[in-house]
Amino acid sequence: MAGHVYGAINLGSSELALKIFEISKKHGITELTHVRRKYAIGVETYSTGFISYRSMTEICSTLNDFTRIMEEFGTDSSDVYATSGIREAENMLVLVDQIRIQTGYDVRTLSNSETRFLYYKALANTEARFSQFSMEGTLVVDVGAGSVQLSYFNQGTLLVTENLLLGSSRIQELLQVMEDEAYDYTNLIDEYIEKDITSFFKKNIRDQQIRHIVAVGGMIPDAYHYMRERKAEFDGFIKSKTMSKTKLFSGLKGELSKLVIPTVLILRKISELTKCEKLILSPIDLCDSMAVEFAERRLRITQDHDFTSDILANARTMAIKYQSDMEHIDTVEMLSLQIFDRIRKLHGLGKRERLLLQIAVRLHNVGSFISDMHARENSYHIVMNTELIGISDRERRMVANMIRYNEDRFPDYLTIEDEISKEQYITVVKLNAILKTANVLDKSNRHKIKTVGVSLDGDVLIITAETMADITLEKGLFHEKANAFEEIFGIRPKLIQKKTGRS
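Residues numbered from 1 in each chain as written. Predicted model: local features only at pLDDT ≥ 70, side-chain atom pairs only at ≥ 80, totals over all residues. Heavy atoms only, no water.

1. So, the packing of aromatic side chains
- Inspection of every chain in the model, using the stated rule, returns 10 aromatic pairs.
- Ring centres of Tyr-413 and Tyr-425 lie 5.4 Å apart, and the angle between their planes is 70 degrees; on these two criteria the pair is classed as edge-to-face. Of this pair, Tyr-413 sits in helix H19 (residues 413-416) while Tyr-425 sits in helix H20 (residues 422-440), and the two are 12 residues apart along the sequence.
- On the basis of relative accessible area, Tyr-413 is assigned to the buried category, the value being 18%.
- By the ring-pair criterion, three or more aromatic residues cluster together here, those being Tyr-405, Phe-410, Tyr-413 and Tyr-425.
- Here the guanidinium or amino end of Arg-108 rests over the ring plane of Tyr-81, the centre of that ring lying 4.9 Å away.
- A cation over a ring is seen here: Arg-404 above Tyr-380, with NZ or CZ 3.8 Å from the ring centre. (Phe/Tyr/Trp six-rings, centres within 6.5 Å; stacked < 30°, edge-to-face > 60°. Helix = DSSP H or I, 4+ residues; strand = E, 2+ residues; numbered from the N terminus. Buried < 20%, exposed > 50% of the residue type's maximum accessible area, 1.4 Å probe, protein only. Lys NZ or Arg CZ within 6 Å of the ring centre and 35° of its normal.)

2. Describing the sheet that holds strand S13 (residues 460-466)
- The strand order across the open sheet formed by 3 strands is S12-S13-S14, and the pairing between neighbours is mixed. The open sheet is flanked by strand S12 (451-457) and strand S14 (492-498), the only strands paired with a single partner. The mean angle between the axes of side-by-side strands here comes to 20 degrees, regardless of whether they run parallel or antiparallel.
- With 7 bridges connecting them, S12 and S13 associate as antiparallel partners. (Pairing = 2+ DSSP bridges. Axes fitted to C-alpha atoms, helices over the stretch in contact; angles between N-to-C directions.)

3. Some points on the environment of Leu-456
- When you line up the elements, Leu-456 lands in strand S12.
- A relative accessible area of 39% places Leu-456 in the partly exposed class.
- A C-alpha to C-alpha distance of 7.2 Å links Leu-456 and Arg-342, two positions 114 residues apart in sequence.
- If we ignore the near neighbours within four places in the chain, the residues touching Leu-456 are Arg-342, Leu-346, Leu-461 and Ile-491. (Contact = heavy atoms within 4.5 Å.)

4. Structural notes on the pairing of strand S1 (residues 3-11)
- Among the 9 residues of S1, 9 are classified as buried, and the element is accordingly described as predominantly covered.
- By the alternation rule, side chains of S1 split into Gly-3, Val-5, Gly-7, Ile-9 and Leu-11 and His-4, Tyr-6, Ala-8 and Asn-10, which are all buried.
- Taken together, the 9 bridges between S1 and strand S2 (residues 15-24) define a ladder with antiparallel strand orientation. Bridging from a neighbouring strand, Gly-3 pairs with Ser-24 of S2.
- If you look at the hairpin formed by S1 and S2, you'll find 3 residues sitting between the two strands.

Structure representation (structure tokens):
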């Protein structure tokens, strides 16, 4: 088939949405129809912790309606994604099971970092100016129902990203009880959000110039369409000085106002703090992001922007934040990737696992910032409690455990079965063995080995280190790690020194 008719269903925090797209390599992604039903799942989750059975029934009924619409359009592929409004519900598994039974859909519940990353992909695909803006200092503000993700791009790369619990539904739920008592409700929201946003800029941006702000996600499409209706000449750009509270919200009513007002006030506060030149509201939603992901997965339609570089740049920024020895990181990464690539037939892993190895290398020593004595355990907890953009919660657990046992013998599966599956365990064991072997070659952190050659000779992996330095320590410790490597891959690493070049 030259193309696909694809149905993207988003079980969002404020609505259930279906978009149907025609996707082909020749014509790209074309939207055919958009159907949405407003439903405040997020408010129910954030206020009670549960999604009621009545709500489950209504969700399933709407999904069955969506199925009939997709049949009319001849849809041949579809996906159903859910975000924080469902992910954070204590009975999330019950809801997902009911959806499977009543509609036949398998719901993919996205982590925060996966959701945000998908938005970036759709933004790069639909916003022609994004590539240019990302070179000039751009803050992407992703306003969800439960949280806000602030991501700073410069020189075409993602440098900083952080998640703040300031989503529109969460703010509305927390502050609505004070609405009647507040003299100025918008001032109340403004006061509530100011501290966290200001703290983000002080910690992460400091003297960096932010020329552009691009807002996506959650209620942004509603805010975009509302503001276009209110201001005829509005074309996606607004200056912060035009965001007058009294004028901005005079026409908003009902539930829409309760969600749009926090969203726009967040943007207003960020505009004030950054004094940005332009603020762009993007009408893309998660359904658009799903279509971009489907196009990549099924038709191999690629984008100009290198998102893998963003993931790695973010990991590097995090390592620098925790004052890691970056020369050591670069040395271990070079060695790890050479070993990974040389024994590809033995480990059977692919590009995604290679990426996880790189992330683990970059973050394996962040815990030393807290204490050298418990560096690996500290690193584990830092990674487990940090949103790593572009990887799932499952992958983050894999990286954290790879790091945690960087020095020790990797435990048996029963010890960590609550964190990763058996399949993930096998992958982590393999990557951990590679990380250990590479790391021991720069154990002293003196970067003695600048150049290596890696070759496979029968059942021996020969690592040739070109250096004039004394590597007695590395040779002595290498023997122990070689044993662990041989247990996993059935080949024994052998370290050979070639005394050429500089010490």
